[in-house]
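Given next are the chains, with one letter for each unit.
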Amino acid sequence: MGRKSTKENKNMYQMTREQEGLTRDAAAEQMEYVSADRIEKIESERSLPHPEEILAMSKVYKAPDLCNYYCSHECPIGQEFVPEVKIKDLSQITLEMLASLNTIEKEKNRLIEITVDGVISQDEMDDFKNIQTQLSQIAMTIDSLQLWVQKAIVDGRITP
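Residues numbered from 1 in each chain as written. Predicted model: local features only at pLDDT ≥ 70, side-chain atom pairs only at ≥ 80, totals over all residues. Heavy atoms only, no water.

> Now, about the packing of helix H4 (residues 51-60) against helix H5 (residues 65-73): what can you tell me, with residues and values included?
Two numbers describe how H4 lies on H5: the axes approach to 8 Å, and their chain directions differ by 155°. Judged by the inter-axis angle, H4 sits roughly antiparallel to H5. Read as a crossing pair, H4 and H5 show a hand that is right-handed. Residue-level contacts link Pro51, Ile54, Leu55, Met57 and Ser58 of H4 to Leu66, Cys67 and Tyr70 of H5. Considered class by class, the residues forming the contact of H4 with H5 number seven nonpolar, one polar and no charged. (Axes fitted to C-alpha atoms, helices over the stretch in contact; angles between N-to-C directions. Helix = DSSP H or I, 4+ residues; strand = E, 2+ residues; numbered from the N terminus. Parallel < 35°, antiparallel > 145°, perpendicular 65-115°, else oblique. Left-handed = near helix turned anticlockwise from the far one by under 90°. Contact = heavy atoms within 4.5 Å. Nonpolar A, V, L, I, M, F, W, Y, C, P; charged D, E, K, R; others polar.)

> So, the pattern of salt bridges: which residues are in play, and what are the values?
Under the criterion given, the structure shown has 14 salt bridges. Where salt bridges share partners, they join Lys10, Arg17, Glu18, Arg24 and Glu43 into one cluster. (Salt bridge = Lys/Arg side-chain N within 4 Å of Asp/Glu carboxyl O.)

> A description of H4 should follow, citing residues and the corresponding values.
Buried residues of H4: Glu53, Ile54, Ala56, Met57, Ser58 and Val60, and no others. Where H4 is buried, its residues contact helix H1 (12-19), helix H2 (24-31), helix H3 (36-43) and H5. Lys62 occupies a position one or two residues after H4 and carries a positive phi of about 55°. (Buried < 20%, exposed > 50% of the residue type's maximum accessible area, 1.4 Å probe, protein only.)

> Any chance you could break down the packing of aromatic side chains for me, citing the residues and the numbers?
This model, assessed by the stated rule, comprises one aromatic pair. Seen in terms of ring centroids, Tyr13 and Tyr69 are 5.8 Å apart; in terms of plane orientation they differ by 80°. Their pairing is edge-to-face. Linking Tyr13 in helix H1 with Tyr69 in helix H5, this pair joins segments that are 56 residues apart in sequence. With respect to class, Tyr13 is no different from Tyr69; both count as buried. (Phe/Tyr/Trp six-rings, centres within 6.5 Å; stacked < 30°, edge-to-face > 60°.)

> Account for the packing of helix H7 (residues 90-115) against helix H8 (residues 125-154), naming residues and giving values.
Relative orientation of the contacting elements H7 and H8 amounts to 150°, with a least axis distance of 9 Å. Viewed along their axes, H7 and H8 adopt a mutual orientation that is roughly antiparallel. Judged by the sense of rotation from one axis to the other, the crossing of H7 with H8 is left-handed. When its residues are assigned to classes, the contact of H7 with H8 shows 14 nonpolar, seven polar and four charged.

> Got a sec to walk through the nonpolar core? Specific residues and values, please.
Judged by nonpolar contacts, the single largest core of 19 residues is most densely connected at Tyr13, Met31, Ile39, Met57, Tyr61 and Leu66. Top contributing element to this core by residue count: H4, with four residues. Not counting residues up to four positions away in its chain, the partners in contact with Met57 are Tyr13, Met31, Ile42, Lys62 and Leu66. Of all hydrophobic cores here, the second largest spans five residues; its members include Met97, Ile104, Ile114 and Ile138. (Core = buried A, V, L, I, M, F, W, Y, C linked by side-chain atoms within 4.5 Å.)

Honestly, it's all geometry; don't read function into it.
In structure tokens form, the structure reads like this:
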């Protein structure tokens, strides 16, 4: 049986492994091709994880949010293009989605007016940016819902 860590500043990978109640050795055994030494290097931030290692960790640790965390924090491309998605309660996700959809419903006609000619003029730009922001919020809420579903599946609360 492994020792319990007393490290104060644990990274996301270590905290997630420990929340699942796994030692590095037990995690490595379940991941097959990721050694306990490699896990220790990732957790101590002496080495950056590889995407395939994150996929293995997310499955073994039952934490699909690790993939989003990796993409939004570690991957140079993801840092540029992938926003961090937080796991929220289903009720909060639903309310955010409904609020966003209500807002965009009001903006729908303005979007049609702006884009009908295929050109966004300078006087339309502020409205277009506001609509784009609303669409981004909807996308984030959808991502949050998808992450909630993935987590619910690995936790056994719903079936795929």
